[in-house]
Amino acid sequence: AQKLRLLSTTLVDADCSLSVDKGRLLAPFRANFAGGGTIQGNFAVTPAGNKQADLALTYRSDNVNMLALSKDMGQNTLISGTGTSNASFSSRQDHWEDWKTNVNGNFSCAVIDGKIKAAANNVAEKTETSFKKLSLSATVINGIASCNDFIFKSPFCTMAGRGTLSLSTLGINARLILTVA
């Protein structure tokens, strides 16, 4: 497809070929983000008896223009810089929404040389914070993402943290330690 809108993201020059091997649907994919950067990976579905299916997703994104991506996704808080990410997820599902409590896997991302830009409430001026690195990795077990290595490095401070995120409730339990440079 020349242009594809997927998960609030515009992808261009997208390629996905479907095949079936021993009852398993395979969908390798590759695309470019509209503002710059690439994503490639695989999606697979395997029947697991009754009405269940095993889903698997792996991907890698590289050289992503984060400001263009943030704007494309319609985010109120914009992040600029160059981003990369990797993920490998699997889930056994009876219904589509089951992934929120059944997903397992790993995820990591990093953005370098960026800015966080946000419009302050009730203030006409926009605020922005420069950073050298924003990164984290997480392990997901039964829909609970656990991170032990969140890092935000700016010219003035470093924040290091860890915590959990429930994908079903979006509840966050986290701790950050701020060190002023």
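Above this note sits the structure.
Everything in this summary refers to the structure shown in the same document. (Residues numbered from 1 in each chain as written. Predicted model: local features only at pLDDT ≥ 70, side-chain atom pairs only at ≥ 80, totals over all residues. Heavy atoms only, no water.)

### Describing the packing of aromatic side chains
And then number 1: Inspection of every chain in the model, using the stated rule, returns one aromatic pair.
And then number 2: Geometrically, the ring pair formed by Phe131 and Phe152 is tilted, given 5.5 Å between the ring centres and 45 degrees between the ring planes. One end of the pair, Phe131, is in strand 10 (residues 126–141); the other, Phe152, is in strand 11 (residues 144–153), and 21 residues separate them in sequence.
And then number 3: The exposure class assigned to Phe131 is buried, which follows from its relative accessible area of 3%.
And then number 4: Judged by relative accessible area, which is 5%, Phe152 ranks as buried. (Phe/Tyr/Trp six-rings, centres within 6.5 Å; stacked < 30°, edge-to-face > 60°. Helix = DSSP H or I, 4+ residues; strand = E, 2+ residues; numbered from the N terminus. Buried < 20%, exposed > 50% of the residue type's maximum accessible area, 1.4 Å probe, protein only.)

### Some remarks on a nonpolar patch on the surface
And then number 1: Together, Leu4, Leu6 and Leu7 make up an exposed nonpolar region whose accessible area comes to about 310 Å².
And then number 2: Residue Leu7 is classed as exposed on the basis of its relative accessible area of 73%. (Patch = residues over 30% accessible without salt bridge, like charges linked within 9 Å, V, L, I, M, F, W, Y side chains within 5 Å. Areas by Shrake-Rupley, 256 points an atom, 1.4 Å probe, with all protein chains shown as cover. Salt bridge = Lys/Arg side-chain N within 4 Å of Asp/Glu carboxyl O.)

### A short note on the state of the cysteines
And then number 1: What the rule picks out here adds up to zero disulfides.
And then number 2: Cysteine Cys109 remains unbridged, with the sulfur of Cys147 as its closest cysteine sulfur at 8.6 Å.
And then number 3: Judged by relative accessible area, Cys109 falls into the partly exposed class, the value being 25%. (Disulfide = S-S within 2.5 Å.)

### Here's the deal with the environment of Ala68
And then number 1: Here Ala68 is to be found in helix 1 (residues 66–72).
And then number 2: Judged by its relative accessible area of 26%, Ala68 falls in the partly exposed class.
And then number 3: Along the backbone, Ala68 and Ala34 are 34 residues apart, and their C-alpha atoms lie at a distance of 7.7 Å.

### Observations regarding the pairing of strand 12 (residues 157–166)
And then number 1: Judged from the eight bridges that link them, strand 11 and strand 12 form a sheet pairing that is antiparallel. From the neighbouring strand, Ser146 faces strand 12, where its bridge partner is Thr164.
And then number 2: The loop that links strand 11 with its antiparallel partner strand 12 comprises three residues.
And then number 3: Looking at chain direction, strand 12 and strand 13 (residues 172–180) are connected through nine bridges and run antiparallel. Paired with Leu165 across the bridge in strand 13 is Ile172. (Pairing = 2+ DSSP bridges.)

Read these as spatial facts, not as claims about activity.
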